[in-house]
Amino acid sequence: CGVFGIYAPEQDVARLTYFGLYALQHRGQESAGIATFESQKVHLHKDMGLVSQVFNESILDELPGNIGVGHTRYSTTGSSHKANAQPAVVETRLGKIALAHNGNLVNTLDLRSQLLEDNHNLVTTTDSEMIALAIAQEINKDKNLDWLEGTVRALKRCKGAFSLVIGTPEGVMGTRDPNGIRPLVIGTLPGNPVRYVLASETCGLDIIGAEFLRDVQPGELVWITEEGLASYHWNKQEQRKLCIFEMIYFARPDSMMHNETLYSYRLRLGKQLAAESAVDADFVFGVPDSGIPAAIGFSEASGIPYSEGLIKNRYVGRTFIQPTQSMRESGIRMKLNPLKDVLDGKRVVIVDDSIVRGTTSRKLVKALRDAGVSEVHMRISSPPVTHPCFYGIDTDTQDQLIAATKSVEEISEQIGVDSLAYLSWEGMLKATQEDTNTFCSACFTGDYPVPVPDRLKASKLM
Ligand code: 5GP
Ligand code: SF4
Ligand code: MG
C-alpha cells in the first residue's frame, strides 16, 4: 500500500494528498482514500479504483482542512471490497483519528480478542482498522493519556509490519514498526514556517515539490503539529529489516533508499547477474517496466547490446495486483507486445526482477517464440522466491510459488527457455552496499525477522 500525510494549514492539503497518492499509485491499485481534518471535523472520501478514478475536482473541493491523510490499497490476503478501503476513521475520547496503514500484522487473532472485550459487535475488520481501534481503546480507557501516549500503548500491542500515517485534529503522526519493514519518509515543504509531509517513498515528495528530510526510523514516531516535528522512540528493540523486495521490485525506480535511487541499485543487480551467469546472445532486454534497470546493468557488464524487445501498454495496471488468477493470465496478454522484426531469428537475454508464480514468464516466452526468436535466455535479478510473505507483499501461498516445489532446471523447462539463471542471495545483498543483516529477505530464505504464529504460518505454508 501507499500512505501519505501532510500538515499544512496554508495549503490545499486535499490536492497535495491527491498528488502524493498519484505518485504512490504503483503501491496499490485496488482502492484509494483521503481524509482531511478541519479542526475536530473529519472529511473522508474513499472508494475502489485508481486515484484518478476515485477523485475529481469537486470531490477534492469537499475535503477542506489543514491536515491530510491518504492511502492507496494493495490487496494482500484480505478480500477486496469497499469496506477495506482506507483511511480508517475511528472515534476516540479525544476526537477522531484517520489511519492509513502499509504492511501486515501477524498477531491479528490476539488483537481481535483484545478488542472484542470492549466492542462485542466487532464483526469483520482489517488489521489496519484493528490498529485504529486499539488506539481508541487505549485512549478511552485511561483518561490521563494524550494522543501520543495512547497511540504508543496501542503500537506496542501490534506485531508485524506497519508503516502508519495517523491524522488527528491536532496533528499527524508517522511511525514504523520496530523492524522498519515497510518504508516511510519525511519531507519538508518550502515556506515559513516549514511544513512536514510523510510518504511511503520519496517519489511522493518529489511530485509536490517537498524536499526529502530523512526516513522515519524503525520504532520511531514523529508527531507533526503547528509546533513542527517532534520525534519519539517507542521501542527499544529496534533493528533494521527493510523489505528487500521493496528495493528489487516494489518501490519506484526513481525513489531514493539508502541515499541513491533504486534505479542505481537495480542497475548493480543486473551487473552482478551478468557476472554470475554470463551467456552468449545478440541482445538483452528487460520485461517492462520492472526488469529494465537490471537489463541495462546486465548489458553494460556483459557487453551484449541493449534493445527494446517488448512494448508495454501503459494503460493496463500491474498484472500481479489483479485479484484472480484468470484475470492475471488475460492481463498479461493485454499488457506486453513483442517487437516482431527486432526479435526474429535472434538469440536474446530477457531480464526480469522476479519469478513468483511463473505465469508471466511462461506467457512471455511463448510470445517471444511466436515472434521468431531463436534462443531465449532468462535472467532474474533476485533469487528464487520460495516462501510466502506475511508482512504485506502479496507473493501468495507457498504452493503457488513455482520455486517452492521446482528446481531451476524444472522451472526452466516449464517456462520453455533455453537457459534460466537467478541472482544469488549473496549477490542481491552485496549489491545493496549495506550490511546484509539490515534487510528482510524471508521470501528467499524462510528466515522471518518477526516470528509468525503457527496458525498464520499454516495458512500460507505447505
Ligand atoms: P509471476 O508471473 O512469476 O507470478 O510474476 C512475476 C512478475 O510479476 C515479475 O515481472 C514481477 O515484476 C511482477 N510482479 C508484480 N507484482 C508483484 C509482486 O507483488 N510480487 C512479485 N514478486 N512480483 C510481482
Ligand atoms: Fe519483503 Fe520478502 Fe520480507 Fe515480505 S518476506 S517483507 S516480500 S523480503
Ligand atoms: Mg515485472
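Each residue is numbered by its place in its chain's sequence as written, counting from 1. To label them, take the chains in the order written and letter them from A, then take the ligands in the order written and number them from 1. In keeping with the model being predicted, local features are shown solely for residues with a pLDDT of at least 70 and side-chain atom pairs are shown and tallied solely at 80 or more, while totals for entire chains, interfaces and linings include all residues. For side-chain calculations, the full set of non-hydrogen atoms in the structure is used, while hydrogens and water are omitted.

### Focus: the overall build of the protein
The helix and strand inventory of the protein stands at 18 helices and 23 strands. Computed over the C-alpha atoms, the radius of gyration of the protein is 22 Å, within 12% of the 23 Å expected from 2.2 N^0.38 for a compact globule of 462 residues. If one aligns the C-alpha atoms of the protein with their principal axes, the spans along those axes are about 75 × 50 × 40 Å. Only protein chains enter the area calculation, which uses a 1.4 Å probe; residues under 20% of their type maximum are buried, those over 50% are exposed, and those in between are partly exposed. Buried positions account for 59% of the 462 residues belonging to the protein. Counting every atom, the protein has about 18300 Å² of accessible surface; 49% of that belongs to carbon and sulfur. The charged-residue count follows a simple rule in which Lys and Arg add positive charge and Asp and Glu add negative charge, with His and chain termini not counted at all. In this description, the location of a charge corresponds to atom NZ of lysine, CZ of arginine, CG of aspartate or CD of glutamate. Of the charged side chains in the protein, 46 are positive and 56 negative, and the gap between their average positions amounts to 3 Å. Only DSSP runs of H or I reaching four residues or more are called helices, and only runs of E reaching two or more are called strands; each is numbered from the N terminus. Taken over C-alpha atoms, the radius of gyration is set against a globule rule of 2.2 Å times the number of residues to the power 0.38. For every accessible area listed, the method is Shrake-Rupley and the probe measures 1.4 Å; residues are considered covered only by the protein chains on display.

### Some thoughts on the site of ligand 1
A cutoff of 4 Å decides nearness: a residue is near a molecule or strand if any of its heavy atoms lies inside that distance of it. Not every one of the 16 residues close to ligand 1 is listed here, only the nearest: Tyr-249, Asp-352, Asp-353, Val-356 and Thr-360. Side-chain atoms alone can form a polar contact between residues adjacent in sequence; in general such a contact is a pair of N or O atoms within 3.5 Å, and within protein one must be able to donate a hydrogen while the other accepts it. Within the contact set of ligand 1, an oxygen atom lies 2.6 Å away from a side-chain nitrogen or oxygen of Asp-352. In the environment of ligand 1, an oxygen atom lies 2.5 Å from a nitrogen or oxygen atom belonging to the side chain of Thr-360. Burial of ligand 1 by the protein amounts to 96% of the accessible area it has alone, namely 510 Å². At the level of secondary structure, the elements contributing two or more residues to the shell around ligand 1 comprise α8 (244-250) and α13 (359-370).

### Quick look at a nonpolar patch on the surface
A cluster of nonpolar side chains, Phe-19, Tyr-22 and Ile-207, forms an exposed patch at the surface whose accessible area comes to about 270 Å². Position of Ile-207 relative to the elements: it lies in the loop between α7 (203-206) and β11 (211-215). In this scheme, patches are assembled from residues that exceed 30% relative accessible area and form no salt bridge. Like charges are connected within 9 Å, while nonpolar side chains (Val, Leu, Ile, Met, Phe, Trp, Tyr) are connected within 5 Å. Only one rule defines a salt bridge in this text: a Lys or Arg side-chain nitrogen within 4 Å of an Asp or Glu carboxyl oxygen.

### Regarding the pairing of strand β22 (residues 419-422)
Of the two faces of β22, the one holding Ser-419 and Ala-421 and the one holding Leu-420 and Tyr-422 are both buried throughout. Inspection of the sheet shows strand β21 (residues 375-380) paired to β22 by four bridges, in the parallel sense. When the bridges of β22 are listed, Arg-379 appears paired with Ala-421. A pair of strands is labelled paired if DSSP reports no fewer than 2 bridges between them.

### Some thoughts on the site of ligand 2
In the vicinity of ligand 2, the residues found are Ile-181, Arg-182, Cys-243, Ile-244, Phe-245, Cys-389, Tyr-391, Ile-393, Cys-440, Ser-441, Ala-442 and Cys-443. Put plainly, a pocket is an open set of points on a 1 Å grid over the protein atoms alone with protein on both sides within 12 Å along at least five of seven lines, a cavity is a set where a 1.4 Å probe fits but cannot get out, and a lining residue has an atom within 4 Å of a point. Placement in a cavity or pocket follows one criterion, namely that more than half of the molecule's atoms lie within 2 Å of its grid points. A molecule is said to occupy a pocket when more than half its atoms come within 2 Å of that pocket's grid points, and by this definition ligand 2 occupies the largest cavity. Counting residues per element, the ones that place at least two in the shell around ligand 2 are α8 and α17 (442-445).

### Brief notes about the domain arrangement of the protein
In this document the domain limits rely on a domain assignment from an automatic tool or a database. Parsing the protein into structural domains produces domain 1 (2-239) and domain 2 (260-439). Once you take the C-alpha centre of each, domain 1 and domain 2 turn out to be 33 Å apart.

### Examining the sheet that holds strand β4 (residues 67-73)
Pairing is antiparallel in the open sheet, where seven strands are placed in the order β3-β2-β4-β1-β10-β9-β11. Edge strands, defined here as strands with exactly one partner in the open sheet, are β3 (41-48) and β11. Between one strand axis and the next, the sheet turns through 15° on average, direction left out of account. Pairing of strand β2 (residues 31-38) with β4 involves seven bridges; the strand directions are antiparallel. For helices, the fitted axis covers only the stretch in contact; all axes are lines through C-alpha atoms, and the angles between them, taken along N-to-C directions, range from 0 to 180 degrees.

### A short note on the pairing of β2
In regular strands, side chains alternate between the two faces of the sheet. Along β2, seven of the eight residues are buried, which leaves the element largely enclosed by surrounding structure. Here β2 pairs with β3 via eight bridges, running antiparallel. Across the sheet, residue Ala-35 finds its bridge partner in β3, namely Leu-44. Once β2 ends, the chain turns through two residues before running back antiparallel as β3, passing Ser-39 with a positive phi of about 45°.

### A few points about unusual backbone geometry
Of the consecutive residues Gln-86 and Pro-87, the connecting peptide bond is found in the cis state with omega at 5°. Along the chain, the position of Pro-87 falls in the loop between β4 and β5 (88-92). Look at the link from Pro-288 to Asp-289: it is a cis peptide, with omega at -15°. Looking at the secondary structure, you find Asp-289 in the loop between β17 (283-286) and α10 (292-302). Positioned with a positive phi, His-258 is a non-glycine residue whose angle comes to about 55°. Along the chain, His-258 falls in the loop between β15 (256-257) and β16 (260-261). You will see that Asn-259, though not glycine, has its phi angle at about 65°, which is positive.

### Observations concerning the environment of Val-351
Mapped onto the elements of the fold, Val-351 is located in strand β20 (residues 347-352). As a C-alpha pair, Val-351 and Cys-440 span 89 residues in sequence and 23 Å in three-dimensional space. We call two residues contacting when some pair of their heavy atoms lies within 4.5 Å. Leaving out residues up to four positions away in the same chain, Val-351 has contacts with Leu-273, Val-284, Phe-285, Gly-286, Val-287, Gly-291, Ala-294, Ala-295, Phe-298 and Arg-379.

### Thoughts on empty space enclosed by the protein
Grid points are joined across faces, edges and corners, and a volume is the space filled by probe spheres set on the points. As enumerated under the stated definition, the model contains two cavities of 30 Å³ or more in all. Roughly 80 Å³ of volume is contained in the largest cavity. Put simply, Ala, Val, Leu, Ile, Met, Phe, Trp, Tyr, Cys and Pro go in the nonpolar bin, Asp, Glu, Lys and Arg in the charged bin, and everything else, Gly too, in the polar bin. Taken together, the residues that form the lining of the largest cavity break down as nine nonpolar, one polar and one charged.

### Structural notes on the pattern of salt bridges
In the structure shown here, the tally under the stated rule is 22 salt bridges. Glu-30 is the partner of Arg-73 in a salt bridge, and the nearest nitrogen-oxygen pair spans 3.1 Å. Residue Arg-73 is located in strand β4, and its partner Glu-30 is located in the loop between α1 (13-23) and β2; the two are separated by 43 residues in the primary sequence. Accessibility expressed as a relative area gives 7% for Arg-73, which makes it buried. Residue Glu-30 is classed as buried on the basis of its relative accessible area of 10%. Two residues, Lys-141 and Glu-138, come together in a salt bridge whose shortest N-O distance is 3.8 Å. One end of the pair is Lys-141 and the other is Glu-138, both in helix α5 (residues 127-141) and three residues apart, which spans about a single turn. Residue Lys-141 is classed as exposed on the basis of its relative accessible area of 56%. Several salt bridges converge on common partners, so that one network encompasses Asp-12, Arg-15, Glu-57 and Asp-61.

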